[in-house]
Amino acid sequence: MANNTSNRARKPARKINYKHTAKGLTSQAGLVPTIHFLQRIGFDDVCDKNINFERGSNALYSLSDSMFMTITGIIAGASSLLKVAGVWSDQVLRQISGWISVPDDSTLGRIFRQGTLKHVSQLEIINHRLRNRVWGRAMKSGALQAGHFYKSWIDVDSTVKTVFGFQEGAAKGYNPFKRGALSYNPQVAFCSETKEILQAWLRTGSAYTSNGIVEFMKQLAVQLPQQMRVVFRGDSGYFAGELLDWLDAKRYGYLIKVKLRGLVPLLSQKSWQAIENVPGWQQCEFTHQCGTWSRGRRFVAVRRLKKEQNDGAQRRLITDPVYDYFCYVTTERLTPWQAHKRYGERATCETWLDEAKNQMAMAHIKSGDFVASSLIFQCAVLAYNTVRWMALLSDNQKLKHWEIQTVRTYLIRTAGKLLTGGKQLRLNVPDQHLHADPWKAWLKLSFI
C-alpha cells in the first residue's frame, strides 16, 4: 500500500544544478561592522602614533597591518595564523577593507618574529588608548555613567595554557589539566563593569600566581582614569604583603582570599555569630598582622558546619563540630557575609577568562619565538576587547550578555552579497535575521 504523503511537512529535495559563476558572496558579512568599528575608533591612527616598527624599504606590510588582520581573523574564529590568512582570502572582506593584497601565514609569522619586547609594550599601550576612546564615547552616549569610575572592581587572575611542542618561554609549572606538561601562565586583569581585559601579560609556565603582580598593577594604574577608585579582587594566590602594601599606598581597595594554612586554629578561637536568615552559617571579623607585615589589617570570615561524613559502612563519630572556613582580607565596608558574597561574584571573571582562552584563542596561537607569541597574545586580547567594546557601545542587552562564540555564530557568520554599482559598495544581507534586534544594533556600530 502506498504511503500517503499529502500531509507531510517536508517534501523530497529537488534536483539542483550547480554553477560556479556567483561573485561578491561572503559567509562573514557580520565581520564588516567589526572592520568599520576599528576604523571608527581610530585603530590605524593609534597604531601609527604608538608603534615604532622598522622594516625594509621594500617591505609591503607593517606590524599594524599584521595586527589588524590577526585581530579580525581571531574574531571570525581563526585559531592559527594559517586560518587568519584563510579568513582574509574572502574577496568581499578584502574589497571592503581596501586591501589590494594580503600576506600569507608565513609572512604574518615572520613579521611577528621581527618584533621586540618594546613592541609588546606598545601593543599594551594601544589597548589602553583604544579603551580610553571607547570609554569616552560610552560616557557621551550614556552606556557608561560617572558612577562606574567611583568604584571599579578589578578582577585579576592567572590561568594555565598547555603547550604542545617546544615553544620558547614554555616551562613546567602548576598545570591541573596536564601534569608535567609545558605551559604558559598568562596573568589577566578584567573590569567587572565592562567585562573587558584591562591588561594582560603572557608569562612562562613556571611563574607563580603573584609573580610580578606589583609591577603589573603599577603599569595598569598609570593607564586608568585618575578619578577611578580601584578595588582589587583576587584569590589566595594574591595574598601577598608586598601587593597589599602597594594597594594601601595607592589608597586602592581590595578583597583578597586568605591562605588558610595555619589560619584555622586562629579562626576557631574567634567569637562567631550566626548570620541572620542564613541557616548553618556564622561570621566574624578581626584585625590581624601576619609575620612579615608592618601593620595589622581587617580580616572577615564566614564558616559553615560540615555535613556528617561516611567512612564505608560506618559513620565516623565526630565529637567536635568541623567547619568549612572562608576568610578574606579587605578594606571595604562589608559585613563578613557581604564580603563572601561579593567575592563569589569573581566567578564570572573565571568565565570571561575561559572565553578569552577557548573562544578567542588567547595564548593559543603560538610561535617558536616568545616575543612573537606575546605579540599574537596581545592581538587576541584586542580581539576579545573589540567585541566587548562593540557590545558596550551598542547598549543592546543581549549583545552585552552573549558569549563570544554566540556573537560569532549568530552575527559574524552571516551570509552577504556585495554589490558595486553606481560607484558605491552595498552589502546585501538577509531581510529576516534570527536575532533581529542584536543584528540591527551590530550593523549600526559601523557608523558609530
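Residues numbered from 1 in each chain as written. Predicted model: local features only at pLDDT ≥ 70, side-chain atom pairs only at ≥ 80, totals over all residues. Heavy atoms only, no water.

Caption draft 1: Expanded view of the sheet that holds strand β2 (residues 152-158). Ordered by their spatial adjacency, nine strands build an open sheet running β7-β6-β2-β8-β9-β15-β12-β11-β10, and the pairing between neighbours is mixed. Of all strands in the sheet, those bounded by a partner on one side alone are β7 (197-201) and β10 (273-274). By the bridge criterion, two bridges tie β10 to strand β11 (residues 281-288) in an arrangement that is antiparallel. Residue pairing across strands places alanine 274 opposite glutamine 282, the latter belonging to β11. Contacts from helix α7 (residues 117-141) reach β6 (187-191) and β7, with the element oriented near 175° to β7. (Pairing = 2+ DSSP bridges. Helix = DSSP H or I, 4+ residues; strand = E, 2+ residues; numbered from the N terminus. Contact = heavy atoms within 4.5 Å. Axes fitted to C-alpha atoms, helices over the stretch in contact; angles between N-to-C directions.)

Caption draft 2: Seen up close, the packing of aromatic side chains. Per the stated rule, a full pass over the model turns up 19 aromatic pairs. Each ring, one from tyrosine 328 and one from tyrosine 343, has its centre 5.1 Å from the other, and the planes form 45°; the classification is tilted. Here tyrosine 328 is found in strand β15 (residues 323-330), whereas its partner tyrosine 343 is found in helix α11 (residues 336-344), with 15 residues between them in sequence. Of the two residues, tyrosine 328 and tyrosine 343, neither departs from the other in class, the shared state being buried. Against the face of tryptophan 293 rests arginine 297, its NZ or CZ located 4.8 Å from the ring centre. The ring of tyrosine 323 has arginine 303 sitting right over it, with the charged end atom 3.8 Å from the ring centre. (Phe/Tyr/Trp six-rings, centres within 6.5 Å; stacked < 30°, edge-to-face > 60°. Buried < 20%, exposed > 50% of the residue type's maximum accessible area, 1.4 Å probe, protein only. Lys NZ or Arg CZ within 6 Å of the ring centre and 35° of its normal.)

Caption draft 3: Quick look at the sheet that holds strand β5 (residues 182-184). A sheet is described by the order of its strands in space; here three strands give the open sequence β3-β5-β4, paired in antiparallel fashion. This sheet does not close on itself; its edge strands, each paired only once, are β3 (161-162) and β4 (171-172). Relative to β5, β3 runs antiparallel, the two sharing two bridges. Note on β5: the bridge partner recorded for threonine 162 is serine 183.

Caption draft 4: Representation of the pairing of β6 in the model. Among the five residues of β6, five are classified as buried, and the element is accordingly described as predominantly covered. Residues Gln187, Ala189 and Cys191 point to one face of β6 and Val188 and Phe190 to the other, with burial holding for every one of them. Where β2 and β6 come together, five bridges link them in antiparallel fashion. By the bridge assignment for β6, aspartate 157 is matched with valine 188. In terms of strand pairing, β6 meets β7 through four bridges, oriented antiparallel. Looking at β7, one finds that phenylalanine 190 is bridged to isoleucine 197. Hairpin connection between β6 and β7: a loop of five residues separates the two successive antiparallel strands, and lysine 195 in this loop has a positive phi of roughly 70°.

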